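# A closer look at the structure
Take a look at the letters that make up each chain.
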Amino acid sequence: MKTKTTFAGIPAEFAGYDSASVVLLPVPYDGTSSWIKGADKGPEAFLHAAENMELYDIETDTEVYRQGIFLNEPLDGFERPEDMVQQVYNATKKHLHKRKFITLMGGEHSISIGAMRACNEMFEDLTVLQLDAHADLRAVYEGSPYNHACAMHEINQTANLVQVGIRSMDISEKAEMNEDNVFFAHDMANNDDWMEEVMACMTDNVYITVDLDALDPSIMPATGTPEPGGLFWYETLEFLQKVFRDKNVVGFDLVELCPMPGQQASEFLAAKLYYKMLSYKYADSPADDQEEGGYYKEEKNLQNAFDDDYDEY
């Protein structure tokens, strides 16, 4: 993956690590995908599309890049999926310890495992909000617990998982599922109150993982496993705005962008969605927005390794 200088070409004064509120961590990994390959090309396509995006958000009347967005070097070159998970975990924990708002761009959905693990260790009573077409609750798939089809299995055992937009799964995953916290797409289509019901399932601290196949393939065809019947643009934004307004979102990721020739609209949608989510996060907040106090777990539980400078992981 070619390294970009700054996210979306923002001025260097808003891209330095020390002053940035936000860290963007690209993880161009596609080691376990089982159908359409190419999610490892997603971060580069996303970053290229972002360079063509207006930086003023009309809806929130903000220029969120002024909060500072540090573009981390991409994490890549992994031989095994477990190595990727460990490196993502290390990097995420490092940035969280520096009180950065962590965001990741994949790559396949397995890149979320390490980030969710780190956030769950750092924040009390964490909810993981999963927007996805697939349940991703298999314990093992194709010989690995770190397969993209297993992305949510670990966090389902250790945190409050809320799944939204699900419309494809194996019958074996039903045994792993907390159906009170699952919002199937076919039910959502006939339920005007689904957003409020999802909100009621979540705790205060929330990590959001967005598999882009949660969106309908008519607006997001460029994913590795597209499924009909997904979310559309404005209902997705309405829901996410509610989450950012009413909860303490501690980080998020976007995954499973699989670039297709002639489908730059999908890449631009991913960039726009990322920027919208940041705009919602900081719409009504000063620069130093990261919640502290009761949200963080005790510092004594952190490993001493995370006292080093951010670039030593």
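Residues numbered from 1 in each chain as written. Predicted model: local features only at pLDDT ≥ 70, side-chain atom pairs only at ≥ 80, totals over all residues. Heavy atoms only, no water.

This brings us to the packing of helix α1 (residues 42–50) against helix α8 (residues 264–282). Remark: α1 packs on α8, axes separated minimally by 8 Å, with the N-to-C direction vectors making an angle of 75°. With respect to their mutual orientation, α1 and α8 come out roughly perpendicular. Between α1 and α8, the residues in contact are A45, F46, A49 and A50 and E267, F268, A270, A271 and Y274, respectively. Residue classes in the contact of α1 with α8 are distributed as eight nonpolar, no polar and one charged. (Axes fitted to C-alpha atoms, helices over the stretch in contact; angles between N-to-C directions. Helix = DSSP H or I, 4+ residues; strand = E, 2+ residues; numbered from the N terminus. Parallel < 35°, antiparallel > 145°, perpendicular 65-115°, else oblique. Contact = heavy atoms within 4.5 Å. Nonpolar A, V, L, I, M, F, W, Y, C, P; charged D, E, K, R; others polar.)

This brings us to the packing of aromatic side chains. Tallying each qualifying case throughout the model produces 13 aromatic pairs. Aromatic pair F14 and Y65: ring centres 5.2 Å apart, planes at 90°, arrangement edge-to-face. Separated by 51 residues along the polypeptide, F14 in the segment before β1 (22–27) and Y65 in the loop between α1 and β2 (69–71) bring together distant segments of the chain. Take F14 and Y65: they sit in the same class, and that class is buried. Aromatic side chains Y29 and F78 sit 6.2 Å apart centroid to centroid with 70° between the ring planes, which places their arrangement in the edge-to-face category. (Phe/Tyr/Trp six-rings, centres within 6.5 Å; stacked < 30°, edge-to-face > 60°. Buried < 20%, exposed > 50% of the residue type's maximum accessible area, 1.4 Å probe, protein only.)

We now examine the pattern of salt bridges. In this structure the tally under the stated criterion is twelve salt bridges. Among the salt bridges present, the one from R80 reaches E82, with a minimum N-O distance of 3.4 Å. Of the residues examined, R80 reaches a relative accessible area of 43% and is grouped as partly exposed. With relative accessibility at 30%, the residue E82 sits in the partly exposed group. Note that D83 and R80 form a salt bridge whose closest N and O atoms lie 2.8 Å from each other. (Salt bridge = Lys/Arg side-chain N within 4 Å of Asp/Glu carboxyl O.)

An order of β2-β1-β3-β8-β7-β4-β5-β6 is seen for the eight strands of this open sheet, with the pairing classed as parallel. Of all strands in the sheet, those bounded by a partner on one side alone are β2 and β6 (182–184). Mean inter-strand twist for the sheet, computed between neighbouring axes without regard to direction, equals 15°. As judged from the three bridges shared by β1 and β2, these two strands associate in the parallel manner. By the bridge assignment for β2, V22 is matched with I69. (Pairing = 2+ DSSP bridges.)

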